[in-house]
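# Notes for the structure review
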Amino acid sequence: MQRTSKHILIGIGVLAIGAILYFQFFHKSDAPRRADNVQTIHSAVAEKKSIPLTVQANGYVSSITLVEVRPKVQNIVRTVHVKEGQFVKAGQLLFTLDERNDQSNVARTRAELAASQSDLADAELTLKRNQDLAQQNFVSQAVVDTSRARVESLRNAIKANQAAAQSSEIVLGDNQIKASIDGRLGIINVFPGTLAQPSGDPMVTITQLDPIAVTFALPERELLNVVNTYPNADAPVTVQLPGQPPMQGKLFFIDNMSDSQSGTIRMKARFDNKAQKLWPGGFVNVSMVTRQVDDAVTVPAQAVVTGPTDKFVYVIQEDATVKDVKVTVLAIENGQAVVTGISGGVRVVVEGAQNLRPGSKVKESTAKPAPASAMPADNT
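Cut-off values and rules
- Residues numbered from 1 in each chain as written.
- Predicted model: local features only at pLDDT ≥ 70, side-chain atom pairs only at ≥ 80, totals over all residues.
- Heavy atoms only, no water.
- Core = buried A, V, L, I, M, F, W, Y, C linked by side-chain atoms within 4.5 Å.
- Buried < 20%, exposed > 50% of the residue type's maximum accessible area, 1.4 Å probe, protein only.
- Helix = DSSP H or I, 4+ residues; strand = E, 2+ residues; numbered from the N terminus.
- Contact = heavy atoms within 4.5 Å.
- Pairing = 2+ DSSP bridges.
- Phe/Tyr/Trp six-rings, centres within 6.5 Å; stacked < 30°, edge-to-face > 60°.
- Lys NZ or Arg CZ within 6 Å of the ring centre and 35° of its normal.
- Salt bridge = Lys/Arg side-chain N within 4 Å of Asp/Glu carboxyl O.
- pLDDT = per-residue confidence, 0-100.

### Some details on the nonpolar core
- Formed by 25 residues in total, the largest nonpolar core has its most connected members in Val214, Phe216, Phe271, Leu278 and Met288.
- When contributions to this core are tallied by element, the ones reaching two or more residues are β2 (47–62), β11 (212–219), β12 (236–240), β13 (247–254), β14 (264–271) and β15 (283–300).
- Contacts of Val214, omitting those with residues within four sequence positions, involve Tyr60, Val61, Val239, Met267, Lys268, Ala269, Phe271, Leu278, Val284 and Val286.
- The next biggest cluster of nonpolar side chains, apart from the first, holds 18 residues, and it includes Val82, Leu94, Ile188 and Ala196.

Shown next as C-alpha cells:
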C-alpha cells in the first residue's frame, strides 16, 4: 500500500510539472498570435485599359505553292540539268527528253508547208493567166473557175500545214521541261535513260519556301470575332519556334466550312521566310489576335481564386480588411486576367490569398514579389 501511494504521488507531481510548463511556454506563445492576426500579402491595383485578346493553337508549316513536275508525253530522259535540293527560278531548264523523233516531225511539217506554199504560188499565177485569157475569149469561164477553186483549196491546205507545223514545234518544246515557279527542288526520281510518263511518279517536286504558309485550326466560336475585327481577314498571327524569336505574319485564308466533328475551322497565315526558318511539314505554336476589348478590367491572373462554386478575388478595403468579390474571367492574356465584377482602381490580393478569409486583416509585405515569369499564367 505504501509503495502504491508513493507511485500515485509521483504521478501527480509529474502532471503538475507538465501543466506548469504548458501554460508557461505554449499558452504564452499563443497569446501574441491571437492578438496579432494580420496576414502579410502582396497586392496589385486592377487596371482598366484596352487589351488585344489572342488564341493559341498548334499549326504546321505548308507551302503556298507546290508543283509536281511531270512530262506531257511519254519519252526517254536524255539530260538532267539540276541537282536535288537546288533552288531554281521560274523558266529554268530542269530536264531534256529525247527529242530526235519530234525534230524529224518538225522538219517534215515544215517541208509540207513549204511545198503547199509553192503550189499556191503556181496556182495563183495560173489563175491570173486564165483570167487574162478569158478577157480575150481564149478560154472559157469554167477554166477560170477551176483555177480559182484550186487556189482556195491550196490556201486552206497551207493553213492546215501551218497548224501541223506549230503543233509539232509545241511537242518538240515539251521535251524541254522547265520550272514553272521559284522554289526548292525535292528528290529527283528520274535519271538519263529513264522512261518518263505523264501518269507516273513526278520527276521532281518544286516547293515554294518564301513566302510560306502556316495552317492551323481555331474553335468555330472565334470565327465571328475574327470576321468582325478584321473584315479583310488580315489578322496578325505569330508563330514560335523553339529557341527562336517570334515570327510575325498575317492571316490570308479562312476555310469555307467548319469541321463538324471537331468544332474547328481551318485557317492559313502567310509569313516571309527569307531566312528559311519555317520548313514545310514542321509543327509550330500559333497565336492570333482575334479581337480588341476596350475598357477591360485586368488583374494579375494569380489574384483570381477558384472557390467551390465561383471564382473570386480578395479586394482590400479602406480598413485594411479583405472582402471576397465574385468575378467572371473572360480571358487570360500574358499573365493578366480580363475580368468582370470589379472596377478599375481597386486593390486586390495577389500573393497570400491562401491564408485569408473574408474580413481578414492584411498588410503589404516589404519583400519583393515573385517575378511575373515565375507566376502561373492561370489560377483559374
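### A few points about the sheet that holds strand β3 (residues 66–69)
- Here we have four strands laid out as an open sheet, ordered β3-β10-β8-β5, and antiparallel in their pairing. Both outer strands of the open sheet, β3 and β5 (87–88), are each paired with one neighbouring strand and no more.
- Bridging between β3 and strand β10 (residues 204–207) involves four bridges; their strand directions are antiparallel. Note that in β10 the partner of Val67 across the bridge is Ile206.

### Focus: the packing of aromatic side chains
- For the coordinates displayed, the defined rule picks out one aromatic pair.
- Consider the rings of Phe312 and Tyr314, whose centres lie 5.3 Å apart with planes at 85°: the pair is edge-to-face. A single burial state applies to Phe312 and to Tyr314, both of which are buried.
- Of note, Lys268 hangs over the ring of Phe253, and the distance from its end group to the ring centre comes to 5.8 Å.
- The lysine or arginine in question, Arg270, covers the ring of Phe252, its NZ or CZ lying 4.4 Å from the ring centre.

### Looking at unusual backbone geometry
- Look at the link from Asp210 to Pro211: it is a cis peptide, with omega at 0°.
- Its place among the elements puts Pro211 in the loop between β10 and β11.
- Of note in the backbone geometry, Ala320 takes a positive phi value of approximately 65° without being a glycine.
- Mapped onto the secondary structure, Ala320 falls in the loop between β17 (311–316) and β18 (322–333).
- On the basis of relative accessible area, Ala320 is assigned to the partly exposed category, the value being 24%.

### As for the pairing of β10
- One ladder, built from two bridges, connects strand β8 (residues 183–185) with β10; its direction is antiparallel. For Leu185, the partnering residue across the bridge sits in β10 and is Ile206.

### Focus: the sheet that holds strand β9 (residues 195–196)
- Reading across the sheet, the four strands line up as β7-β6-β4-β9 and stay open at both edges, with antiparallel pairing between neighbours. Edge positions in the sheet fall to β7 (176–178) and β9, since each has one partner strand and no second.
- Judged from the three bridges that link them, strand β6 (residues 93–97) and β7 form a sheet pairing that is antiparallel. When the bridges of β7 are listed, Leu93 appears paired with Lys178.

### Some points on the pattern of salt bridges
- The tally for this structure, following the rule as stated, stands at 13 salt bridges.
- A salt bridge links Lys49 to Glu47; the shortest N-O distance between them is 3.6 Å.
- You can call Lys49 partly exposed: its relative accessible area is 33%.
- The partner of Glu124 in a salt bridge is Arg155, with the nearest N and O atoms 3.2 Å apart. Residue Glu124 is located in helix α2 (residues 100–135), and its partner Arg155 is located in helix α3 (residues 141–173); the two are separated by 31 residues in the primary sequence.
- Of the residues examined, Glu124 reaches a relative accessible area of 33% and is grouped as partly exposed.
- Where salt bridges share partners, they join Glu124, Glu152 and Arg155 into one cluster.

### Considerations on the confidence of the model for the protein
- Counting all residues, the mean pLDDT for the protein is 86, and 87% of those residues have values of 70 or more.
- Here residues 25–35 is modelled with pLDDT under 50, and outside its nearest four sequence neighbours on either side it reaches four contacts, counting other chains as well.
- Here residues 373–380 is a poorly scored stretch, pLDDT under 50, and it has 19 contacts once near neighbours within four places are set aside; other chains count.

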